[in-house]
Amino acid sequence: SEVSPDIITFNTYIKGLVMVHNKCAKKVSLECIPKVFEEIERFKLKANDITYNTVIDLCITLGGIKEAWNCFLSMHSKGIEPDLFTYSILVKGLKEQPHIYQENFDFLYQSIETYIKKNTDRLDEILFNSLIDTAVAYKDFDKVNKTLEHMRANGIQFSNITYGILVKAFGQNGMIESALVIFEQMRKHNVQPNEITYGCIIDACVRAQMYDKATELLRQMNAEKIPANIVIYTTLLKGYTKQKDFNKAWELYEKIVKEREVAPNIIFYNAILEAMNQCHKPNLLLVVYNQILVEDQREVKPDIITYSTLIKGLCKTHQLDAVMRLYSEVYRETSAAFDEVLHNLIMHSLVAAERYADCEYIYERMQEQGISPSEVTYSILTKLYTKTGQYQKAIDLYDEAQRTPRKTGVIFSTSVLQSCIKSRQIKKAIEVFESLRKSSRSELDQVVYNTIVSGCIYAGQLQHALLYVQWAVEDRVTLAPNIYNSLVKNLLSSRTIEVKEKKGPGKGCIGVSQIREH
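Residues numbered from 1 in each chain as written. Predicted model: local features only at pLDDT ≥ 70, side-chain atom pairs only at ≥ 80, totals over all residues. Heavy atoms only, no water.

Engineer: Mind showing me how you'd approach the packing of helix α24 (residues 426-440) against helix α26 (residues 462-474) here?
Structural biologist: When two helices pack together, you describe them by how their axes are tilted relative to each other and by the distance separating the axes. Interaxial distance between α24 and α26 falls to 13 Å at its minimum, and their mutual angle equals 20°. Comparing the axis directions of α24 and α26 gives the class roughly parallel. Where α24 crosses over α26, the two elements pack in a sense that is left-handed. Along its contact with α24, which presents I430, F433, E434 and R437, the element α26 presents H464, Y468, W471 and E474. A class-by-class count of the residues in the contact of α24 with α26 yields four nonpolar, one polar and three charged. (Axes fitted to C-alpha atoms, helices over the stretch in contact; angles between N-to-C directions. Helix = DSSP H or I, 4+ residues; strand = E, 2+ residues; numbered from the N terminus. Parallel < 35°, antiparallel > 145°, perpendicular 65-115°, else oblique. Left-handed = near helix turned anticlockwise from the far one by under 90°. Contact = heavy atoms within 4.5 Å. Nonpolar A, V, L, I, M, F, W, Y, C, P; charged D, E, K, R; others polar.)

Encoded structure:
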């Protein structure tokens, strides 16, 4: 073609790439950026400030903060002056990864301060709000205060957005007094708080456990006819839960559900369910769940948090029929899966209630979902198998656990020891115990030593029993008196081990007085 592209062509093309990435199914790769610059050079064109700004915007959009920063440095090296847009988009980009880009932000802030001094007539609120927001992400409140000083010095008015950022920043960082001061300054300067600003200050009060102040602010909103959204009500509900004031939590819940001034969402319902668990009101769990099912017709559907919170409360109050019903419902009807911790809670409750078949059913479903069992899972199952006399299953479970990278702990291994001894597999018991001592010696207690020593005595393995008593001495563990007495009695009647009343020399020689002393 005789028509050659100019720099405007390329600038428009880069803007188009941002739109394609944001609005179309086709995604753009960072690899296209060097190619764009190669094409610009091929046509002997010079990239201008608009080119760099659009490339920086594209890099940030694609998550390429490093690439955006390199473009910014390239602008400097080519003598192209960054403008408000350059700084604003870079500041927003650096906000996303404060643990990596502290030095970059410090350098950028110095550059912006230089820009502010040279361009007092070009400044706007957007840049300063971005600076405050990013400085908060870096927990750099010196820069927050410096930015506020720059705004005041240059006559930049604080807007609702500025106040909202500040209130949220101070509130989330435990600086409640500063948050309240900023909120009062907002009112003094005749900037009307909106529901977002109110939401931030109420959240700050709840975080600071100032629940009465949070309630007062909600009343203030109502008096000013500013409608509170469901997020604000949920925040208050969580505050009452922390306060263990279930009456206020329930009153708020009933107001929302009955008056319908604002539509409750599933997060709100999950919050009241958690309130019941925290405030020990499990009798109302299923009442709220039934209300959620009614809401289901209004497109409010229970999620995995709903079911998890319900099941935790029902397990604590031993409503296990309801637990099994809910679990089966989730397993059958949703793609979401409970985690290993909740499975353990259910199985523990079922074993305690001697519902062994239900416990095995839950474990099978856990395996089907590809959830890896933990030390706790193994301990629960071993307890189940020991109680039901399925000792070999417990031992097989131990062998399975040994093949995983996880270390088998004391509780699980002790349960396995008991299964080995009850099934008269003393060699396996010895293997389990010695492996446990090798990996967790400092954690061994009286229960472990009592189990293995009494097992060895019962199986006639007196040499091992004696060795483990000596190990107990080394580990500063005292056995139960009946274990010592039993060992002494069996040693004195033994014909295979030489026994002396006092400590005697030689391998296989035992001093009875030594055991008595211990």
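Picking up after the structure, the text goes on.
Engineer: Sorry, what's going on with the packing of aromatic side chains here?
Structural biologist: Aromatic ring pairs are defined here through the distance separating the ring centres and the angle between the ring planes. Counted by the stated rule, this structure contains 25 aromatic pairs. Between Y327 and F338 the ring centres are 5.7 Å apart and the planes differ by 35°, which places this aromatic pair in the tilted class. Linking Y327 in helix α18 (residues 320-333) with F338 in the loop between α18 and α19 (340-352), this pair joins segments that are eleven residues apart in sequence. Classification of F338 by relative accessible area gives buried; the value is 4%. (Phe/Tyr/Trp six-rings, centres within 6.5 Å; stacked < 30°, edge-to-face > 60°. Buried < 20%, exposed > 50% of the residue type's maximum accessible area, 1.4 Å probe, protein only.)

Engineer: Is there a simple way to think about the pattern of salt bridges in this case?
Structural biologist: Opposite charge on two side chains permits them to pair, given that their charged atoms come into close proximity. Evaluation of the coordinates by the stated rule reveals 22 salt bridges. Of the charged contacts in the structure, one is a salt bridge between E431 and K428, with a shortest N-O distance of 3.2 Å. With E431 and K428 both in helix α24, this residue pair falls three residues apart, about one helical turn. Classification of K428 as buried rests on a relative accessible area of 15%. (Salt bridge = Lys/Arg side-chain N within 4 Å of Asp/Glu carboxyl O.)

Engineer: Please explain the layout of surface pockets as it appears in this structure.
Structural biologist: A probe as big as a water molecule, rolled over the atoms, marks out the empty space that is left. Space inside the largest pocket adds up to approximately 360 Å³. Together, 20 residues line the largest pocket, and K95, D133, V136, I165 and K168 are the ones closest to its centre. Taken together, the elements giving at least two residues each to the lining of the largest pocket come down to α5 (84-94), α7 (125-137), α9 (160-172) and α11 (195-207). (1 Å grid on protein atoms, 1.4 Å probe; cavity = no way out; pocket = protein on both sides within 12 Å on 5 of 7 lines; lining within 4 Å. Points joined across faces, edges and corners; volume = space filled by probe spheres on them.)

Engineer: Teacher, can you tell me more about unusual backbone geometry here?
Structural biologist: In most cases, non-glycine residues show a negative phi, while peptide bonds are predominantly trans. Of note, the phi angle at K244 is positive, near 60°, even though the residue is not glycine. Within the element layout of this structure, K244 appears in the loop between α13 (230-242) and α14 (246-259). Of note in this structure, R476 is not a glycine but carries a positive phi near 60°. Looking at the secondary structure, you find R476 in the loop between α26 and α27 (481-493). By relative accessible area, which is 79% here, R476 ends up exposed.

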